[in-house]
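Given next are the chains, with one letter for each unit.
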Amino acid sequence: MATRPDLLRPNSVSRNRALRRIGTFVSYAALSLIAMLFLFPFFWMVSNAVRSNTEVLAVPVRILPQEYQWGTFVEALVSLPFGTFLFNSFVVASGVTAIVIAVSCLSAYSFARLKFPGREGLLLAYLGTLMIPQVMLVIPLFLVVSKLGWVNTYHGMIMPVAFGSFGTFLLRQFFLGIPKDLDEAAMIDGASRLRILVTIIVPLAMPAIGLLALFTFMGQWNSFLWPLIVTNGMEKATLPLGLTLFQTQQGTSWNYIMAGAAISMLPGIVLAVVLQRVIYRGVTIGSGFGGR
Amino acid sequence: MSQSAVAEVPVQPVQRRRFLKPDTQTAMLFLLPSFLGFMAFMALPIAASLALSFTNWQLISTPSFAGFQNYVRLFTVDPAFYTVLRNTLLFAVEYLTLNIIVSLTLAVWISSLRHGKAIFRVIFFLPTFTPTIAASVVWLLIFTPDGLADSLIRSLGLGLPNFLLSTTWAMQAIVLVTLWANVGYNVVMFNAALDLVPRHYIEAATIDGANAWQRFWRIRLPLISPTIFFATVMTAITSLQVFDEIYAMTRGGPGSATATLGFAIYQKGFANFQMGYASALAWVMFIMIMALTILQFRMQRKWVHYGD
């Protein structure tokens, strides 16, 4: 052991250690710089939300506002219908999430636990639809919804997007990992399948269900194309839609648009920060579909 | 005794029901909501979309069968189609390449850190959790004439035009924004995969004299190749559908410099009301996605390594 070169030449050890320390410092500094550049659009949004609109468009661009007008956030909610947009976004996102969870639990349980003729074929048909581009469905879905008289209604915004098969697969995958013995023991005790699902499987699958709820809610909260097609005007517009409506109709009030953008980003930012561990794990569950 | 035989008859249905497997009945009941939704909002629309693509329906008129007319018009008459196709492919290739390179670099970088991994992951993930439209609107302000981007270009003396007003640069702005908005997902996914690489593999390679570069290319990269494959397929599928950024920032312009398939379908269908023609475009997109996915699955044998 005494022949280890670093023991023979203590000078080079300290030099190596110093070099490594510098390397670590440079690595952190460079990555922090990139991270700051990455965060810059968020800063720019808030920085412009709290200026007057004339200052937003003033020609020598100022990084920080001359005058801070924090009232813009309240004014955007009160004087422009961003409050309505917020409410609509919330109704649609939570409506879709509730349906997705209920429907996916039931169908995932069927695919994971019940034997019935045609199971594999139906599963394959569900899986196949994951590759269909959304924009392809948008035209016929609009026709269905307008035939039903659902244009510009909440159910018109909710129902057509609440039956995707992604949730079924995610939960099925998770249910398969729950021991079958639990079901069988409960059946011997006389529990019905629904009771087993609700009282045994669902509580055990809470991590996966929570993840599905999170991704569904955020997906709907951020969704743009379907609300754009199925609504008209301000009354049922969601937040993302509201932002583009103001871009054309009141294209000059950038400070309000930035305040609206910030309001629409807030839930996502809070959830991403608070649930970062869950998301980190969840993303790897997601990667299990194609890869490992 | 013959009477008791008759009395046994009512019992039979009960026995038969048990014989027909209660599981099947439960499955039918449990699958009913999902199946109805699937038929009404998936299967039927897909079939309708295919049928529509063979009609020349303009929403007001009654649809009439047009055979392959829409598809023929696409490939032979419509001069805009090849522009749209070229824009879509250029965007997809450039965006996909940059996305994988940037996200892999950031993920390797983050996983090499001892402290603060979570903070960096969250920072790069933040834009993916915010509405694309909201992000696009912020970037629209950045790129507005005489705005931040313009003054930056001017102060650096780069002599570039305003990105969104330039036919050559507008698409680069869309790529940049899409990259910023979506790269975080792959960063987190690659980072997780890298963290799962067993430490003793790396240690063994180090003992055998592999340097950091070799350890990355020979050990970590092959080991995470299934994740890279999955990310590449998913990113390619979404990149061919790009729409939100384009709608919010350029509406396909200037001219048709940023008109992609996704935007063209929306425009033809819901601005020009050419539902049949737009449906044909949508099927072109679907076939491109299918072809690309099949191609990627073919190619995975060459570079994706599955452990055990």
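Residues numbered from 1 in each chain as written. Chains lettered and ligands numbered in written order. Predicted model: local features only at pLDDT ≥ 70, side-chain atom pairs only at ≥ 80, totals over all residues. Heavy atoms only, no water.

Asker: Pulling in residues and values, what's your account of the confidence of the model for chain B?
Answerer: Residue and element names in this part refer to chain B. Residues with a pLDDT of 70 or more make up 93% of chain B, whose mean pLDDT is 87. Per-residue pLDDT, averaged within each element of chain B, yields its smallest value for helix α1 (residues 2–7) (48) and its largest for helix α7 (residues 132–142) (95). In the model, residues 1–7 has pLDDT below 50 throughout and makes 0 contacts with residues more than four positions away in sequence or in other chains. Across residues 9–15, confidence stays below pLDDT 50; counting only partners more than four residues off in sequence or on other chains, it has 0 contacts. Model confidence for the complex is summarised by a pTM of 0.87, with the ipTM given as 0.87. (pLDDT = per-residue confidence, 0-100. Helix = DSSP H or I, 4+ residues; strand = E, 2+ residues; numbered from the N terminus. Contact = heavy atoms within 4.5 Å.)

Asker: Go over the UniProt feature "domain: ABC transmembrane type-1" (unreviewed entry) in chain B, please, and point to the residues and values.
Answerer: Per the UniProt record, the feature "domain: ABC transmembrane type-1" (unreviewed entry) sits at residues 85–296 of chain B. Annotated as 75% helix and 0% strand, the span residues 85–296 of chain B places its first and last C-alpha atoms 20 Å apart. (UniProt positions renumbered as here; feature names shortened; annotations may be inferred.)

Asker: How would you summarise the UniProt feature "transmembrane region" (unreviewed entry) in chain B if you had to cite specific residues and measurements?
Answerer: Residue and element names in this part refer to chain B. The UniProt record marks residues 26–54, 89–110, 122–143, 163–183, 223–243 and 275–295 with the feature "transmembrane region" (unreviewed entry), using the residue numbering of this structure. Here residues 26–54 runs as 93% helix and 0% strand, with 40 Å between its end C-alpha atoms. What you have in residues 275–295 is 100% helix and 0% strand, and the ends, taken at the C-alpha atoms, are 30 Å apart.

Asker: How would you explain the interface of chain A and chain B if you had to name every residue and give the values?
Answerer: Taken together, the contacts link 92 residues of chain A with 88 residues of chain B. Summed over both partners, the interface of chain A with chain B buries about 8100 Å², with 81% contributed by carbon and sulfur atoms. Taken together, chain A and chain B are joined by 1 salt bridge. At the junction of chain A and chain B, the tally comes to 8 residue pairs in polar contact (both at pLDDT 80 or more). If you tally residues by element for the side of chain A that touches chain B, the top one is helix α2 (residues 10–49) of chain A, at 15 residues. Residues that form the side of chain A that touches chain B fall into these classes: 68 nonpolar, 20 polar and 4 charged. (Buried area = accessible area lost by both parts, 1.4 Å probe. Salt bridge = Lys/Arg side-chain N within 4 Å of Asp/Glu carboxyl O. Polar contact = N/O pair within 3.5 Å; in protein donor to acceptor, adjacent residues only side chain to side chain. Nonpolar A, V, L, I, M, F, W, Y, C, P; charged D, E, K, R; others polar.)

Asker: Can you explain the nonpolar core? Please cite residues and give values.
Answerer: Burial of nonpolar side chains together is a common tendency in soluble globular proteins. Judged by nonpolar contacts, the single largest core of 193 residues is most densely connected at Phe175(A), Met258(A), Phe124(B) and Phe143(B). Setting aside chain neighbours within four positions, we find Phe175(A) in contact with Cys105(A), Ala108(A), Tyr109(A), Ala112(A), Arg113(A), Leu197(A), Ile201(A) and Ala205(A). (Core = buried A, V, L, I, M, F, W, Y, C linked by side-chain atoms within 4.5 Å. Buried < 20%, exposed > 50% of the residue type's maximum accessible area, 1.4 Å probe, protein only.)

Asker: Can you lay out the pattern of salt bridges for me, pointing to particular residues and giving the numbers?
Answerer: Residues and elements named next belong to chain B. Following the criterion strictly, the structure yields 6 salt bridges over all chains and no others. Its salt-bridge partner being Lys117, residue Asp195 comes within 3.3 Å of it at the nearest N-O pair. Here Asp195, found in helix α9 (residues 170–196), pairs with Lys117, found in helix α6 (residues 117–125); they are 78 residues apart in sequence, far enough to count as distant.

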